[in-house]
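Each chain is listed here by its residues.
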Amino acid sequence: MTQKAAIIGGGVIGGGWAARFLLNGWDVAVFDTDPEAQRKIGEVIANARRSLPALYDKALPGEGTLSFHDDLTSAVANADWVQESIPERLGLKHKVLGGLSELAPGKAIIGSSTSGFKPSELNEKGARAIVAHPFNPVYLLPLVELVGDPVATQPAADILRDIGMFPLVLRKEIDAHIADRLLEAVWRESLWLVKDGVATTEEIDEAIRMAFGIRWAQMGLFETYRIAGGEAGMKHFMAQFGPALKWPWTKLMDVPEFTDELVDLIAGQSDAQSGHLSIRELERLRDDNLVGMIRALKKTGSGAGDVIATHEAALEHPSAPDLPVTAKRQIPQSWTDYNGHMNEAHYLEAAAAATDRFMEMIGADADYIASGKSYFTTENHIRYLDEMLAGEQLTITTQVLKGEGKKLHLFHMLHGDKGTITATAETFLLHVDLNTRSSCMPTDEVLEKLTAFAEKHAGLPMPEGAGRYVGQRS
Ligand SMILES: NC(=O)C1=CN([C@@H]2O[C@H](COP(=O)(O)OP(=O)(O)OC[C@H]3O[C@@H](n4cnc5c(N)ncnc54)[C@H](O)[C@@H]3O)[C@@H](O)[C@H]2O)C=CC1
Ligand SMILES: C[N+](C)(C)CC(=O)CC(=O)[O-]
């Protein structure tokens, strides 16, 4: 049965949560006091649709249903997860979380997006909430800090993994949890640097994005500093840089007062730096960059990329009656080119992924490859029959034209949203021994599965376009 999330407060963070649940197949009910909430959430979801599926090489579950409600009661009815994302004011959180604790079904997790309040503070008027602190954009970044009663945080962690997130359950409650303590330190120090005229907002951003910002995404702080200690590792690093902690390298104990002058200085510099782009344009730029970085991390199984790889492995592969479905995914924005449609190179990328999937289906999977055997492609022929656009669903079915001994001859058919064939990719592969790098017979198990496909497909008509060569007259 479809699960339901109730989103209470649909601003920057609530909108992100709504998109995260919705695009993972959950029904989402929103309650927000702002009459503009529906429009704002619609825009956040539109950004999520063009970026989240681009992290995956498989289709996410079909989208759930989005509804908007005028009262809390109908919003939380039958909910499995209720997420509060209203402004960071303790009195308001008490009022709303108290109401939610009375109205929500007993089975529902009640999470608060609070950036800094502890569960003991949130619940001091009788609510039963846990902290489920996400990061912006919630639909792309996996981390959620979970704080509170383990009876609720453990099942919450399982649900978050199911929607592709990374729950970090805190050992103990503390103001601002873990990540915001770190972020606040950098934020406070940066405010001083601007106030003291040492740097502009742009120079501080350059200092972050040209160096340690990229480093942190893949190895965090401690692993990075371990390497910085050279062969002697962390101990040498601490010996070398430990004394600097006592030098005046930080002004962290002190916060600059937010005078009008300081606010105008920072806001003015920020406008000069980025005011030529709207917030939605900046969000799309940020999302495209995050997708590229997370996809790169996925290749090496690092950080957030590993979370996506694990989630993707658990997503179901669809099936079709006659031919195996070897790929089903959404066309990401990053696959389109200056002509406004999917670029030719990505047809081969999609077909190559379909070949990989077919290899898995006959048992030539990661373990098989690790044992020293695989297939090498020796020839490809792609026909581009129709345009494919960003956001369209791409489904690939694969027919075995020959599966005999060392030879594997596949015909991939790429289908678009309309169900028609938008491209075909004919590919020929040879089975190889990865140690000798020369062709060899597959194992009996692989051969048996391949033969079963080949015999079944032998009864099908030859697909239109099979065996064509470049320049051939139709
Ligand atoms: N903006 C950020 O970067 C992050 C914020 N958070 C936390 O998420 C929570 C929400 O923050 P934002 O989304 O940034 O704020 P926001 O101001 O963008 O959104 C708050 C939303 O709550 C609605 N609202 C206000 N009172 C309400 C009520 N009584 N019932 C229902 N809706 C109500 C507002 O209309 C608004 O749409 C805060 O606790 C914040 O600390 C957590 C992670 C990051
Ligand atoms: C600024 N902030 C404290 C609201 C930030 C967060 O809570 C997390 C984030 O997304 O940076």
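Just so you know, these numbers come straight off a predicted model, no measurement behind them.

**Let's talk about the overall build of the protein chain**
Link 1 in the chain: Counting its regular elements, the protein chain contains 16 helices and 14 strands.
Link 2 in the chain: Dimensions of the protein chain along its principal axes, counting C-alpha atoms only, are 75 × 60 × 45 Å.
Link 3 in the chain: Sorting the 474 residues of the protein chain into buried and exposed places 44% on the buried side.
Link 4 in the chain: Long-range pairs, those at least 24 residues apart, make up 68% of the contacts in the protein chain between residues at least 6 apart in sequence.
Link 5 in the chain: Of the roughly 25000 Å² that the protein chain leaves accessible, carbon and sulfur atoms contribute 56%.
Link 6 in the chain: Treating the 46 positive side-chain charges of the protein chain as one cloud and the 65 negative ones as another, the clouds have centres 3 Å apart.

**Some points on the site of ligand 1**
Link 1 in the chain: Taken together, 20 residues sit near ligand 1, with Ile 13, Asp 32, Glu 88, Lys 93 and Ser 115 positioned nearest.
Link 2 in the chain: One nitrogen or oxygen atom from the main chain of Ile 86 is found 3.3 Å from an oxygen atom belonging to ligand 1.
Link 3 in the chain: At a separation of 2.7 Å, an oxygen atom of ligand 1 approaches a polar side-chain atom of Ser 115.
Link 4 in the chain: Coverage of ligand 1 by the protein chains reaches 74% of its 830 Å² of free accessible surface.
Link 5 in the chain: Among the secondary structure elements, those contributing two or more residues to the shell around ligand 1 are helix 1 (12–23) and helix 4 (90–103).
Link 6 in the chain: Classifying every residue of the shell around ligand 1 gives seven nonpolar, nine polar and four charged.

**Remarks on the packing of aromatic side chains**
Link 1 in the chain: Scanning all chains against the criterion turns up nine aromatic pairs.
Link 2 in the chain: Relative to Trp 81, the ring of Trp 17 lies with its centre 6.3 Å away and its plane at 35 degrees, an arrangement referred to as tilted. Here Trp 17 is found in helix 1, whereas its partner Trp 81 is found in strand 4 (residues 81–84), with 64 residues between them in sequence.
Link 3 in the chain: When the centroid spacing of 5.9 Å and the interplanar angle of 55 degrees are considered together, the rings of Phe 21 and Trp 81 count as tilted. Highlighted residues: Phe 21 in helix 1 and Trp 81 in strand 4, separated in sequence by 60 residues.
Link 4 in the chain: Accessibility expressed as a relative area gives 0% for Phe 21, which makes it buried.
Link 5 in the chain: Looking at Trp 81, the relative accessible area reads 0%, which means it is buried.

**Comments concerning the side chain of Glu 121**
Link 1 in the chain: On the secondary structure map, Glu 121 appears in helix 5 (residues 119–122).
Link 2 in the chain: With residues near it in sequence (within four places) discarded, Glu 121 still touches Leu 90, His 94 and Asp 175.

**Points about the sheet that holds strand 5 (residues 109–112)**
Link 1 in the chain: Taken in spatial order, the eight strands make up an open sheet running 3-2-1-4-5-6-7-8, and their pairing is mixed. The open sheet is flanked by strand 3 (66–69) and strand 8 (166–169), the only strands paired with a single partner. The sheet shows a mean angle of 25 degrees between the axes of neighbouring strands, taken without regard to direction.
Link 2 in the chain: Pairing analysis gives four bridges linking strand 7 (residues 143–147) to strand 8, with the strands arranged parallel. Residue pairing across strands places Glu 145 opposite Leu 168, the latter belonging to strand 8.

**What to know about the UniProt feature "binding site: NAD(+)" (unreviewed entry) in the protein chain**
Link 1 in the chain: Within this numbering scheme, the UniProt entry marks Gly 9, Gly 10, Gly 11, Val 12, Ile 13 and Gly 14 as carrying the feature "binding site: NAD(+)" (unreviewed entry).
Link 2 in the chain: As for its position among the elements, Gly 9 is in the loop between strand 1 (4–8) and helix 1.
Link 3 in the chain: Relative to the helices and strands, Gly 10 resides in the loop between strand 1 and helix 1.
Link 4 in the chain: Not counting chain neighbours up to four residues away, the residues in contact with Gly 10 comprise Gly 15, Asp 32 and Ile 41.

**With respect to the UniProt feature "domain: 3-hydroxyacyl-CoA dehydrogenase C-terminal" (unreviewed entry) in the protein chain**
Link 1 in the chain: UniProt feature "domain: 3-hydroxyacyl-CoA dehydrogenase C-terminal" (unreviewed entry): in the numbering of this structure it lies at residues 178–244.
Link 2 in the chain: Its end C-alpha atoms 23 Å apart, residues 178–244 is made of 78% helix and 0% strand.

**Considering unusual backbone geometry**
It is generally the case that most residues other than glycine have a negative phi and that most peptide bonds are trans.
Link 1 in the chain: Cis peptide bonds are those with omega within 30 degrees of zero, and the linkage from Asn 136 to Pro 137 qualifies with 5 degrees.
Link 2 in the chain: Within the secondary structure layout, Pro 137 lies in the loop between strand 6 (130–133) and strand 7.
Link 3 in the chain: Of note, Ala 176 is a non-glycine position whose phi angle comes to about 70 degrees, a positive value.
Link 4 in the chain: Mapped onto the secondary structure, Ala 176 falls in the loop between strand 8 and helix 7 (179–195).

**What about the environment of Ala 6?**
Link 1 in the chain: Examined against the element boundaries, Ala 6 turns out to sit in strand 1.
Link 2 in the chain: The class for Ala 6 is buried, based on a relative accessible area of 0%.

**Overview of the side chain of Asn 47**
Link 1 in the chain: Considering the arrangement of structural elements, one finds Asn 47 in helix 2 (residues 37–51).
Link 2 in the chain: What Asn 47 contacts, discounting residues up to four positions off in sequence, is Tyr 139, Arg 280, Glu 283, Arg 284 and Asp 287.

**Some remarks on helix 16 (residues 444–458)**
Link 1 in the chain: Taking 1.5 Å per residue, 15 residues should reach 21 Å; helix 16 reaches 20 Å between its end C-alpha atoms and fits that length.
Link 2 in the chain: Among all positions in helix 16, only Val 446, Leu 447, Leu 450, Ala 454 and His 457 are buried. One side of helix 16 carries all its buried residues, which in axial view fall inside an arc of 95 degrees. Along helix 16, exposed side chains directed more than 90 degrees from the buried face belong to Asp 444, Glu 445, Glu 448, Glu 455 and Lys 456.
Link 3 in the chain: Here the buried face of helix 16 lies against helix 14 (344–361), helix 15 (366–370), strand 10 (373–384), strand 11 (393–404) and strand 12 (407–415).

Calculation rules
Residues numbered from 1 in each chain as written. Chains lettered and ligands numbered in written order. Predicted model: local features only at pLDDT ≥ 70, side-chain atom pairs only at ≥ 80, totals over all residues. Heavy atoms only, no water. Helix = DSSP H or I, 4+ residues; strand = E, 2+ residues; numbered from the N terminus. Buried < 20%, exposed > 50% of the residue type's maximum accessible area, 1.4 Å probe, protein only. Contact = heavy atoms within 4.5 Å. Areas by Shrake-Rupley, 256 points an atom, 1.4 Å probe, with all protein chains shown as cover. Lys, Arg positive; Asp, Glu negative; His and termini not counted. Charge placed at Lys NZ, Arg CZ, Asp CG, Glu CD. Near = heavy atom within 4 Å. Polar contact = N/O pair within 3.5 Å; in protein donor to acceptor, adjacent residues only side chain to side chain. Nonpolar A, V, L, I, M, F, W, Y, C, P; charged D, E, K, R; others polar. Phe/Tyr/Trp six-rings, centres within 6.5 Å; stacked < 30°, edge-to-face > 60°. Pairing = 2+ DSSP bridges. Axes fitted to C-alpha atoms, helices over the stretch in contact; angles between N-to-C directions. UniProt positions renumbered as here; feature names shortened; annotations may be inferred. Expected span 1.5 Å × (residues − 1). Arc of directions from axis to C-beta.

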